[in-house]
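Next come the chains, spelled out residue by residue.
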Amino acid sequence: MLALLKIYLNIEDSSKDGLLEAIIKNAQYEFEDITNNTFDDTDDRQISIIIDMAKIKYHRLGVEGVESQSYSGASEKFTDGFPKELNRRIMRYKRLKTV
C-alpha cells in the first residue's frame, strides 16, 4: 500500500516512508473502528478505501483542529471527517456489534 500511496501523493523518495506507513496504519485502525470489521488486505476495495483515507489524512497534517484560516485576502475552510462518497464506501463494510 505504501508504494500506491506514494504514487498518488507524487512522492518519489523514501524520506517520508515512516510517516506514510504510520498514516496507513492509522487509517486501517480507523476503518476497523468505524466498521466493527477487520481490515482485509486481500480486498482491493478495502485497500482503495484505506489509500483514500490516508491521502486525506496526509493532506490534513498540520491543520488538525483548525476549522478555517484567512491570510492575504484568501480564506480556507477545513472539514471534519471524510467526504460523503468515501463515508458511503466505508459504510458498505459496517457490521453491527452484538452485545
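Residues numbered from 1 in each chain as written. Predicted model: local features only at pLDDT ≥ 70, side-chain atom pairs only at ≥ 80, totals over all residues. Heavy atoms only, no water.

Caption draft 1: Broad picture of the nonpolar core. Within the largest apolar cluster, 22 residues are counted, with the highest numbers of intra-cluster contacts made by F31 and M53. Going through the elements one at a time, helix 1 (2–9), helix 2 (17–35), helix 3 (44–59) and helix 4 (84–91) are the ones with two or more residues in this core. If you tally residues by element for this core, the top one is helix 3, at 8 residues. (Core = buried A, V, L, I, M, F, W, Y, C linked by side-chain atoms within 4.5 Å. Buried < 20%, exposed > 50% of the residue type's maximum accessible area, 1.4 Å probe, protein only. Helix = DSSP H or I, 4+ residues; strand = E, 2+ residues; numbered from the N terminus.)

Caption draft 2: View of unusual backbone geometry. Even without being glycine, N10 reaches a positive phi, approximately 60°. When you line up the elements, N10 lands in the loop between helix 1 and helix 2. Residue N36 is not a glycine yet carries a positive backbone phi of 55°.

Caption draft 3: Up close: the side chain of T35. In this structure, T35 sits in helix 2. Setting aside residues up to four positions removed in sequence, T35 forms contacts with I90, Y93, K94 and R95. (Contact = heavy atoms within 4.5 Å.)

Caption draft 4: The packing of helix 1 against helix 2, seen in detail. The interhelical angle for the contact between helix 1 and helix 2, taken along N-to-C directions, is 110°, at an axis separation of 10 Å. The orientation of helix 1 with respect to helix 2, classified from their angle, is roughly perpendicular. Every residue of helix 2 that contacts helix 1 at L2, L5, K6 and L9 is listed here: D17, L20, E21 and I24. Of the residues belonging to the contact of helix 1 with helix 2, the class tally is 5 nonpolar, no polar and 3 charged. (Axes fitted to C-alpha atoms, helices over the stretch in contact; angles between N-to-C directions. Parallel < 35°, antiparallel > 145°, perpendicular 65-115°, else oblique. Nonpolar A, V, L, I, M, F, W, Y, C, P; charged D, E, K, R; others polar.)

Caption draft 5: Geometry of the environment of F39. Relative to the helices and strands, F39 resides in the loop between helix 2 and helix 3. We classify F39 as buried; its relative accessible area is 12%. Residues in contact with F39, not counting those within four places in the same chain, are M1, Q28, F31, E32, Q46, I47 and I50.

Caption draft 6: Broad picture of the pattern of salt bridges. Under the defined criterion, the tally for this structure stands at 4 salt bridges. Residues E30 and K57 are paired through a salt bridge, measuring 2.6 Å at the closest nitrogen-oxygen approach. Remark: K57 occurs in helix 3 and E30 occurs in helix 2; sequence separation between them is 27 residues. In this structure, the salt-bridge partner of K55 is D52, at a minimum N-O distance of 3.1 Å. Note that K55 and D52 are positioned in helix 3 at a spacing of 3 residues, about one turn of the helix. Connected via shared salt-bridge partners are D52, K55 and R89. (Salt bridge = Lys/Arg side-chain N within 4 Å of Asp/Glu carboxyl O.)

Interpretation note: all reported values are geometric properties and have no functional meaning in isolation.
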